[in-house]
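Each chain, written out:
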Amino acid sequence: MKLLSLFLLTLFLVDAKAVSRTQVIMSTFVTITADERDADLITDGFEIIKKVEKSLSSYDPDAKIYQLNKNRHAELDAFSYEALSLSKNYYAVTDGYFDIMVGSITKDLYRFGEDERVASLAELSGANVSFGALRFNEKEAFLEEGVKLDLGGMGKGFGVDKAAEFFRSKDAKSTIIAASGDIRCLSVCKVEVQSPFKEDDVLFSFETTKDDLGITTSGNYNRYVISTKNNHLIDPKAKRPQSLFVSITLVGDISSSDLDAYATAASVMPIKKAYEFMDGLGVGYIVMQGDGELVVSKNISEYAKNLLIGDALKKQP
């Protein structure tokens, strides 16, 4: 299985003596940074995210979602039931643009992360992405033939949330949990986001303005086959990879799972609809469009300060 590349270049606490550790979980690099007095909690944080992976993975044969995709039926645990319930709500809130049924495309056709290939237009047109093919309750789930689930659009944010809950319970406020593009800063932090155009370059950086903010970046340069035209962000209505947005970063005080799902959904919406949707969320955003324009939300100062843009120009929508 291929590892996801990082959207994040640099992340650090402001005004804290910090300890950082990194492990490979959920097919990416997960870094937990904590004040040195809370360093002994970091291992427990990783274990929580591993438990989420054991539930939501579509690669691990022991995971509930893997079993559901393979057997068309699976008993659910607390994590898988909550994740499916959230996904059902995201589907409704985003008018169907967040759809975990794109697994029929990402898993069966492009095979992202495994034996990757380029799907043909005929294959994409014939893919079944019907959300109605999934039925579940608190104990079990059923899946019709010809469909597969992919919780990649919210799973990392969900894992970050569960780890953040643990650190909050221990009053470890100077903690950052970062799973590739999904970050939770329990205290103020500084973030630098990778440029999609040149490795190791910074697209933009900023400092958060208050405690317990989430930062999520969704981009088409993170996972693709051969070129970004064949990226993993699938528009479930058109059944095609999206090309209107290079990256969308959301910053806000809602859950990281919400931010993850909403960034995923906005990335595959038509441009006008995407901005109307993001403006209604009550979060800040920084968007790199496919035409090269960088768009910054009018409310970004509520969540970010000292915003520095690389070579791109800012534009208020």
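Residues numbered from 1 in each chain as written. Predicted model: local features only at pLDDT ≥ 70, side-chain atom pairs only at ≥ 80, totals over all residues. Heavy atoms only, no water.

Engineer: Can you explain helix 3 (residues 78-93)? Please cite residues and give values.
Structural biologist: Under the 1.5 Å per step criterion, the end-to-end length of helix 3 is 23 Å for 16 residues, consistent within 8% with the ideal 22 Å. Listed in full, the buried residues belonging to helix 3 are Ser80, Ala83, Leu84, Ser87 and Tyr90. For helix 3, the angular spread of buried residues about the axis comes to 120°, placing them on one side. Set apart from the buried face of helix 3 by more than 90 degrees, the exposed residues are Ala78 and Ala92. Looking at the buried residues of helix 3, the elements they touch are helix 1 (42-56), helix 2 (64-71), strand 5 (134-136), strand 6 (140-143), helix 6 (155-169) and helix 7 (256-267). One or two steps after helix 3, the chain reaches Asp95, where phi turns positive at roughly 60°. (Helix = DSSP H or I, 4+ residues; strand = E, 2+ residues; numbered from the N terminus. Expected span 1.5 Å × (residues − 1). Buried < 20%, exposed > 50% of the residue type's maximum accessible area, 1.4 Å probe, protein only. Arc of directions from axis to C-beta. Contact = heavy atoms within 4.5 Å.)

Engineer: Give me the lowdown on the state of the cysteines, citing residues and values where you can.
Structural biologist: The tally for this structure, following the rule as stated, stands at 1 disulfide. Bridging Cys185 to Cys189, the disulfide has an S-S length of 2.0 Å. Across the disulfide from Cys185 to Cys189, rotation about the S-S bond amounts to roughly 75°, and the bridge is consequently right-handed. (Disulfide = S-S within 2.5 Å.)

Engineer: Describe the nonpolar core, and please don't skip the residues or the numbers.
Structural biologist: A general trend in soluble globular proteins is that nonpolar side chains are found buried together. Judged by nonpolar contacts, the single largest core of 69 residues is most densely connected at Leu84, Leu134, Leu149, Leu151, Leu250 and Met278. Aside from chain neighbours lying at most four places away, what touches Leu84 is Ile65, Leu76, Ile100, Leu134, Phe136, Ala141, Leu149 and Leu151. (Core = buried A, V, L, I, M, F, W, Y, C linked by side-chain atoms within 4.5 Å.)

Engineer: Residue-level account of the packing of helix 1 against helix 6, with values.
Structural biologist: Contact pair helix 1 / helix 6: the axes reach a minimum separation of 9 Å and the direction vectors enclose 145°. Here helix 1 runs over helix 6; the crossing is right-handed. Residues Ile42, Asp44, Gly45, Ile48, Ile49, Val52 and Leu56 of helix 1 lie in contact with helix 6, whose contacting residues are Gly155, Phe158, Gly159, Lys162, Ala163, Phe166 and Phe167. Residue classes in the contact of helix 1 with helix 6 are distributed as 9 nonpolar, 3 polar and 2 charged. (Axes fitted to C-alpha atoms, helices over the stretch in contact; angles between N-to-C directions. Left-handed = near helix turned anticlockwise from the far one by under 90°. Nonpolar A, V, L, I, M, F, W, Y, C, P; charged D, E, K, R; others polar.)

Engineer: Can you tell me about the pattern of salt bridges, naming the residues and giving the values?
Structural biologist: As enumerated under the stated definition, the model contains 10 salt bridges in all. The partner of Lys162 in a salt bridge is Glu82, and the shortest N-O contact between them spans 2.9 Å. With a gap of 80 residues between them, Lys162 in helix 6 and Glu82 in helix 3 connect regions that are remote in the sequence. Several salt bridges share partner residues, and in doing so they unite Glu82, Lys162 and Glu165 into one network. (Salt bridge = Lys/Arg side-chain N within 4 Å of Asp/Glu carboxyl O.)

Engineer: Provide a residue-level description of the sheet that holds strand 6, including the pertinent values.
Structural biologist: Pairing is antiparallel in the open sheet, where 3 strands are placed in the order 4-6-5. Both edges of this open sheet fall to strand 4 (73-75) and strand 5, since each of them pairs with a single strand only. For this sheet the average axis-to-axis angle between neighbouring strands, irrespective of direction, equals 15°. Two elements, strand 5 and strand 6, share 3 bridges in a ladder whose sense is antiparallel. Each residue of the ladder has a partner; that of Leu134, found in strand 6, is Leu143. Sheet strands in contact with helix 2 are strand 4, strand 5 and strand 6, and its direction is about 155° off that of strand 4. With respect to the sheet, helix 3 is in contact with strand 5 and strand 6, its orientation differing from that of strand 5 by roughly 130°. (Pairing = 2+ DSSP bridges.)

Engineer: Summarise the pairing of strand 6; cite the residues concerned and give the values.
Structural biologist: Both faces of the sheet carry side chains from a regular strand, because those side chains alternate between them. Burial along strand 6 is one-sided: Ala141 and Leu143 are buried, while Glu140 and Phe142, pointing the other way, are not. Between the end of strand 5 and the start of strand 6, which pair antiparallel, lie 3 residues.

Engineer: Account for the confidence of the model for the chain, naming residues and giving values.
Structural biologist: Averaged over all residues, the pLDDT of the chain equals 87, while 85% of them reach at least 70. Across residues 1-6, where pLDDT falls below 50, the model places 26 contacts with residues more than four positions away in sequence or in other chains. Of the regions scoring below 50 in pLDDT, residues 312-317 engages in 19 contacts with residues more than four places distant in sequence or in other chains. (pLDDT = per-residue confidence, 0-100.)

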